[in-house]
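# Structural features, examined
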Amino acid sequence: MVFFVFFGSVCGYNFIKYYDVLKRNEKAVPNALKIISGFTILSFLFAVYFFTRLSFWTQLTALLCGILTFFYSFTFSSNGKNLRSIHGGKIFVIALVCTTVTLVLPVVQNDPSFDILYLLNFLQRFLFILVVVLPFEIRDVNKDSISLGTIPQKIGVQKTKILGMALLALFVCFSFWLYEGVWVNIWADISIAIIAALFLGFSKETQQEYYASFWVEAIPIFWLGIWMLLMRGF
């Protein structure tokens, strides 16, 4: 499961990031893109191999995520529309796919008996991912087409930050509900909520190059690191 998610994420991320670039430069592909393309193809082959080792229902769930990822960048209509261009929908597609891959896939693979706690956990993870995507939307508020209808375009940057803080507070409330007495998980969630709040609070339209595309994207790694440190302490 871990290897499938890793290699599948590499494929999905690179496809979304470089598909349009490759289309524009199909006659003269830069060497760097050739290397990235080769690495992506290799990752795809590994992902397919590990995919065959998963259960049927996990495979089906993963395929649905793959279809959403594909049509996030690939146009499915004559007017050039894709899931990314749906008015106000981009952030929710991202949150849905990320939550499904990181939460639903392991559950389906290892414990397919869903209950209300899984649903609450899904909602908690979904809200968190919505928040960590907001710094990207703030960064691109003046670059994105108005037709995208992103949250900062609709309500402004400051209200977007307030909304994000409210969602993080709800995220922490869910943590107390879900992990009653399991303080490792609760403190890990509180800590990562504070970190996400700081990154969101300092987000602006003109960011340093790697503010969102490196540091904000590293938030899940910080989350894992915090949890591992707390596990040692507890």
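Above this text sits the structure in question.
Source: prediction; values computed, not measured.

What counts and what doesn't
- Residues numbered from 1 in each chain as written.
- Predicted model: local features only at pLDDT ≥ 70, side-chain atom pairs only at ≥ 80, totals over all residues.
- Heavy atoms only, no water.
- 1 Å grid on protein atoms, 1.4 Å probe; cavity = no way out; pocket = protein on both sides within 12 Å on 5 of 7 lines; lining within 4 Å.
- Points joined across faces, edges and corners; volume = space filled by probe spheres on them.
- Nonpolar A, V, L, I, M, F, W, Y, C, P; charged D, E, K, R; others polar.
- Salt bridge = Lys/Arg side-chain N within 4 Å of Asp/Glu carboxyl O.
- Helix = DSSP H or I, 4+ residues; strand = E, 2+ residues; numbered from the N terminus.
- Buried < 20%, exposed > 50% of the residue type's maximum accessible area, 1.4 Å probe, protein only.

## Quick look at empty space enclosed by the protein
- One pass over the structure, following the stated rule, counts one cavity of 30 Å³ or more.
- In this structure, the largest cavity occupies an estimated 30 Å³ of space.
- Forming the boundary of the largest cavity are G88, G89, K90, I91, E137, L148, G149, T150 and I151.
- In terms of residue class, the lining of the largest cavity is made up of three nonpolar, four polar and two charged.

## Some thoughts on the pattern of salt bridges
- Applying the stated criterion across every chain, the model contains two salt bridges.
- We note a salt bridge from K90 to D144, for which the minimum N-O separation is 3.6 Å. Note that K90 is positioned in helix α4 (residues 90–110) and D144 in the loop between α5 (116–139) and α6 (151–155), a separation of 54 residues in sequence. Per residue, the accessibility class of K90 equals that of D144, and both read buried.

## Re the environment of G225
- Here G225 is to be found in helix α10 (residues 219–233).
- What makes G225 partly exposed here is its relative accessible area of 28%.
- Note: C-alpha distance between G225 and A188 (37 residues apart in sequence) is 9.2 Å.

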